[in-house]
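Residues per chain are reported as follows:
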Protein chains: 2
Amino acid sequence: MSNLEMIEAAAERLQGHARWTPLLSSPFLDEIAGRRVLVKAECLQHTGSFKFRGGWSAVSALSAETRARGVIAFSSGNHAQGVALAARQHHAPAVIIMPSDAPRMKIDNTRALGAEVVLYDRATEDRDAIGDRIGIERGLTLIKPFDEPQVIAGQGTTGLEIARQAAEEGVTHSDVLVCCGGGGLTSGIALALEGRAPGLRARPVEPQGFDDVVRSLASGGIERNNGMSGSVCDAILTPEPGRITFPILKRLCGPGLVVSDDEAVRAVALAFARLKIVVEPGGAVALAAALFHADQIEGDAVIVVVTGGNVDAGVFRDALARFGG
Amino acid sequence: MSNLEMIEAAAERLQGHARWTPLLSSPFLDEIAGRRVLVKAECLQHTGSFKFRGGWSAVSALSAETRARGVIAFSSGNHAQGVALAARQHHAPAVIIMPSDAPRMKIDNTRALGAEVVLYDRATEDRDAIGDRIGIERGLTLIKPFDEPQVIAGQGTTGLEIARQAAEEGVTHSDVLVCCGGGGLTSGIALALEGRAPGLRARPVEPQGFDDVVRSLASGGIERNNGMSGSVCDAILTPEPGRITFPILKRLCGPGLVVSDDEAVRAVALAFARLKIVVEPGGAVALAAALFHADQIEGDAVIVVVTGGNVDAGVFRDALARFGG
């Protein structure tokens, strides 16, 4: 079980390796939202998303012997790159199992970061069977994307930084909106805030049609999504909340929020114009909630976690063409 | 004359107002450059460029009585916004004289930041005469864009941050490449490095055809550009080095570098893909020099100042279409 002590220990291991990302703002965004909007820019993290924190935390927590045998992960994108770079920096081999239809850029980046990428066909092949075979054969350790205590602890270091940065900005009571897939980042942040900034409350944000966490929080039990594709927010499409993350979310989070794909893409364009950061649609849903669902938020300020920036140039150009003015 | 003490005093005034911008990096950029590339991301500064530092420094250095009468500035873009926001935060009126053909977004932003924008026709009207008339009538203080000691001191605070961040990265000897217009930022950084990190050496970077500072450093005397338009690097097109900045540049800087417009635009696309930041072409020339003119640089690492991100969506989309993969 992840707790504040594990997060603090992860922060020590990440010291000098993960980036302390800035808390950005713009008077133009404040005006749209009707309150101060403070944006934790995790797109500026190494590998372009917060996933590097969890990857580094998990890899660095292994014994030297276990680590030397190597790690394995399943991912179509950000977790892949985070684990690949963390493993390379630890001189550990990494095998990443990726669907053959993952974005080309993400496959290329993962390879360029030194990982061995094994592609599989989503329609005809069994991902887990491939992973089991390779992992057992070589004695690799599986690094799960969110339902893994050391991964949650690593993502939770984002929350330690938010607690300190919010205090510096004079914000002691506010919602902290977090783009949510399986809940690793959201639960890690929620645990960190519970210990370090109890006036700040984490709230997950999801895209329409993939609001499993939001519905699960509302019903009190684990709810599933119907599909796994059909949103531009590819980074945060997960079938259901994690078995480890959900109890934490249930205990600590405020109600979730849901935004449309169009709202996410508009937030991408506004982050370009007003914050000068590159955000992928799935990493922009929390900002979209702050800007376009202000009536569901309370207080003079809101904190938003922008979680990733690994967006294809074509998707980004389309976002600017539609909403970039 | 600006010196280290003035820069340190400006840093104290800017404390809690200007943003301490991050030093970013990517293994992919290191590979292109053949050495470590550390990017000081001033596009993440308030108003999207380092100009806010100089604006705040100059406005905050005025006596309360002088400041209450207000300030005036000439600018087609970044300086306009920097002065406008600094003045608003000091509850001082600001008049900004802008050419009527300045980018619409920059005019709109400057107005939205509370300044009174006075437009003039470059072809038929005398900018200085308009400024003098309004300034004298209302008792406004002129904030020059670069040839002004308190502006140089404010820009120099970037250099104080670089000195500390470079030391944290273990970099004590390297070139610091700075996108250069009139030399306010470059001279401020050079002065800060002289005092705080003497192993780091500032070097100006300019676009082809607008390399007045580079040629002036080479000849030892002030050289002028032939024109004032015709480059995509609009933010850094100045006719000649400043009378205050040039002696500082001459005393402290290494040789300048020149990049093509195409190289600047390629650097914009690479900053998008690898650093997740939005950079305008004029703010990317130093990064372009680090990536594409590596043979003119010495050492295991190079520091690059990315100076601004106020780029039109259309220009950015074109950059990605050409070089964004």
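On a predicted model such as this, the values are computed, not experimentally measured, just so you know.

Looking at this structure, I do not really get the relation of the copies chain A and chain B. What am I missing?
Two copies of the chain are present, and they differ by a rotation about an axis and a shift along that axis. Under the fitted operation, chain A is carried onto chain B by 0.0 Å of movement along the axis and a turn of 180°, and the coordinates agree to an RMSD of 0.0 Å. What we have between these two chains is a two-fold relation. Among all C-alpha atoms of chain A, that of Ile 277 of chain A lies closest to the rotation axis, at 2.3 Å. Comparing interface residues between copies, 100% of those in chain A also lie at the interface in chain B; the contact surface is shared.

Help me out: how do you make sense of the pattern of salt bridges in this one?
Between side chains of opposite charge, pairing is possible as soon as their charged atoms come close. Residues and elements named next belong to chain B. Across all of its chains, the model carries 38 salt bridges over all chains by this definition. The partner of Arg 53 in a salt bridge is Glu 161, with the nearest N and O atoms 2.9 Å apart. Of this pair, Arg 53 sits in helix H3 (residues 51-60) while Glu 161 sits in helix H8 (residues 149-168), and the two are 108 residues apart along the sequence. No difference in accessibility class separates Arg 53 from Glu 161, as the two residues are buried. Close ionic contact of Glu 194 with Arg 251 constitutes a salt bridge, the shortest N to O distance being 2.7 Å. With Glu 194 in helix H9 (residues 184-196) and Arg 251 in helix H11 (residues 245-252), the pair connects residues that are 57 residues apart, well separated along the chain. Since its relative accessible area comes to 40%, Glu 194 is described here as partly exposed.

What is the right way to read the UniProt feature "domain: Tryptophan synthase beta chain-like PALP" (unreviewed entry) in chain A from this model?
Those places that UniProt annotates as "domain: Tryptophan synthase beta chain-like PALP" (unreviewed entry) correspond, in this numbering, to residues 16-308 of chain A. Annotation note: span residues 16-308 of chain A, helix share 44%, strand share 16%, distance between end C-alpha atoms 20 Å.

Is there a simple way to explain the environment of Gln 81 of chain B in this structure?
All names here are of chain B. Its location among the elements puts Gln 81 in helix H5 (residues 78-89). A relative accessible area of 1% means that Gln 81 is categorised as buried. Not counting the four nearest positions on each side in its chain, Gln 81 is found in contact with Thr 47, Lys 106, Asn 109, Thr 110, Leu 113 and Asn 310. Within the local environment of Gln 81, its side chain forms a polar contact with the side chain of Asn 109, the two groups lying 3.2 Å apart.

What counts and how
- Residues numbered from 1 in each chain as written.
- Chains lettered and ligands numbered in written order.
- Predicted model: local features only at pLDDT ≥ 70, side-chain atom pairs only at ≥ 80, totals over all residues.
- Heavy atoms only, no water.
- Least-squares fit on C-alpha atoms with pLDDT ≥ 70 in both.
- Contact = heavy atoms within 4.5 Å.
- Salt bridge = Lys/Arg side-chain N within 4 Å of Asp/Glu carboxyl O.
- Helix = DSSP H or I, 4+ residues; strand = E, 2+ residues; numbered from the N terminus.
- Buried < 20%, exposed > 50% of the residue type's maximum accessible area, 1.4 Å probe, protein only.
- UniProt positions renumbered as here; feature names shortened; annotations may be inferred.
- Polar contact = N/O pair within 3.5 Å; in protein donor to acceptor, adjacent residues only side chain to side chain.

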